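The residues making up each chain are set out below.
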Amino acid sequence: MTSQGLQATAKAMVAKGKGILAMDESNPTCGRRFKKPGIENTIENRRAWRELLLTTPRLADYISGAILYDETIRQATSDGIPFPQYMGQCGIIPGIKVDTGAKDLTGFPGEKVTEGLDGLRERLAEYKGMGARFAKWRAVITIGKGIPTRACIHANAHALARYAALCQEAGIVPIVEPEVLIDGDHTIDRCYEVSSDTLRAVFAEIEEQRVLLEGMVLKPSMVISGLDCPQQARVKEVAEKTVECLLKNLPENLAGVAFLSGGQSNELATAHLNAMNTMYRGLPWPLTFSYARALQQPALEGWRGEKANVTAAQKRLYHRAKLNGAASLGQYSEAMEREAP
Ligand code: 13P
């Protein structure tokens, strides 16, 4: 694909009023999500859940693309239409998670490095053949006593950049996801510091590996208080510190920014995105969402693995997508939460 092709796809992923549905949970993660509503973690239940999500009527009103898992991209609707093909018919761009997970970083207790570069060129070619037009790689940075180390940030940033370059070679738009975890009792200022160090390192490597900025999307975490921090920053402060951190570290010609929700409540993930888009106009890049939990949760709880609940669950997903679509335009209000899904 030409660089124009990559740019066009990246632009479409962050199109006005739309965001990305992350539904690329690995099988063990899917099992953890299924546990609470009491759904058995079987291959058929995972397929049925993904079918429910993708066949939500008019999902493309607010969802530009969806990220699939290796198992999911090979699955099909109950009518036998392969998921990527079905998505194409609905106007939803198929994406694929290509990292093979965050593993312990040798010599650095408590820190992780994401693996998956070996054989990636070949896997990308296969996914491209199946219809994938963008990919995702998630790096994990943990805040704790004495961590993250520079070594951890650097190892992850380097891998993200190598992955991004390989994606673009294959004509696939990379989503570059350096997630600073919300877990811990750290303050928002500590999160700012770590997020800033991480983004700076990521973009230094991205530049060094000659990645086309206009043909990639950044998926960062928000700058936020740790879950166990006694002083929880308000929505306005999260919006200010997050945008400040992005302005300090991101190149202007990046195609777009699509945040992860990272364990925030559904409502807060929406309110934070909305505040950023209300308070800051004319930023160099669109700010939107690429949420998994904050989009899927209400629908999953409504479904509980029962066929009879599919329509009600789809309405819940559509509603969350609509609210986040509004937040990406700075047009969300809390009153919208009370609208019937
Ligand atoms: P959450 O929105 O649940 O953080 O997931 C986003 C994602 O894709 C993580 O890689």
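Above this text you will find the structure in question.
Residues numbered from 1 in each chain as written. Predicted model: local features only at pLDDT ≥ 70, side-chain atom pairs only at ≥ 80, totals over all residues. Heavy atoms only, no water.

**Details of the packing of helix α8 (residues 188–208) against helix α9 (residues 235–249)**
Where we set the bar: Note on definitions: angles span 0 to 180 degrees between N-to-C directions of axes, and those axes are lines fitted to C-alpha atoms, for helices only across the stretch in contact. In this text, helices come from DSSP runs of H or I with a minimum length of four residues, and strands from runs of E with a minimum of two, each type numbered from the N-terminal end. In this scheme, roughly parallel covers angles under 35 degrees and roughly antiparallel covers those over 145, while 65 to 115 is roughly perpendicular and the rest are oblique. Here is the rule for handedness: rotate from the far helix to the near one, and if that takes an anticlockwise turn smaller than a right angle the crossing is left-handed, while a clockwise turn gives right-handed. Whether two residues touch is decided by their heavy atoms; if any such pair falls within 4.5 Å, the residues are in contact.
One can describe the packing of α8 onto α9 by two numbers: an axis separation of 9 Å at closest approach and a directional angle of 25 degrees. Here α9 runs roughly parallel to α8, going by the angle between their axes. Here α8 runs over α9; the crossing is right-handed. Residue-level contacts link Ile188, Asp189, Tyr192, Ser195, Ser196, Leu199, Arg200 and Phe203 of α8 to Glu237, Val238, Lys241, Glu244, Cys245, Leu246, Lys248 and Asn249 of α9.

**Notes on the layout of surface pockets**
Here is the rule we go by: The method works on a 1 Å grid over the protein atoms by themselves. A cavity is a set of points holding a 1.4 Å probe that cannot get out, a pocket is an open set with protein on both sides within 12 Å along at least five of seven lines, and residues with an atom within 4 Å of a point line them. Grid points are joined across faces, edges and corners, and a volume is the space filled by probe spheres set on the points. Charged means Asp, Glu, Lys or Arg here, nonpolar means Ala, Val, Leu, Ile, Met, Phe, Trp, Tyr, Cys or Pro, and polar covers whatever is left, Gly included.
Its boundaries defined by the atoms lining it, the largest pocket holds a volume of some 770 Å³. What lines the largest pocket is a set of 32 residues, among which Thr29, Arg33, Arg138, Glu179 and Arg293 lie closest to the centre. Within the residue set of the lining of the largest pocket, elements represented by two or more residues are α2 (27–35), β6 (134–141), β7 (173–180) and β10 (287–291). Along the lines of polarity and charge, the residues of the lining of the largest pocket split into ten nonpolar, eight polar and 14 charged. In this model, the second largest pocket occupies a volume close to 280 Å³.

**Remarks on unusual backbone geometry**
Glycine aside, residues mostly have negative phi, and peptide bonds are mostly found in the trans state. The peptide bond linking Ile147 to Pro148 adopts the cis configuration, its omega dihedral lying at 10 degrees. Looking at where Pro148 falls in the secondary structure, it is placed in the loop between β6 and α7 (150–169). With a phi angle near 60 degrees, Arg58 is a residue other than glycine that sits in the positive phi range. Take Arg58: it is sitting in the loop between α3 (43–54) and β2 (63–68).

**Examining the pattern of salt bridges**
It is possible for side chains bearing opposite charge to pair when their charged atoms get close. Note the cut-off: We define a salt bridge as a contact between a side-chain nitrogen of Lys or Arg and a carboxyl oxygen of Asp or Glu at a distance within 4 Å.
Applying the stated criterion to the full structure yields 22 salt bridges. In this structure, Asp70 engages Arg74 in a salt bridge whose closest nitrogen and oxygen atoms are separated by 2.8 Å. The closest approach of N and O atoms between Glu115 and Lys103, which form a salt bridge, is 3.7 Å. Of this pair, Glu115 sits in the loop between β5 (112–114) and α6 (120–129) while Lys103 sits in strand β4 (residues 102–104); the two residues are twelve residues apart in sequence, bridging distant segments of the chain. A single network of salt bridges, built from pairs that share partners, joins Asp24, Lys97, Lys136 and Glu177.

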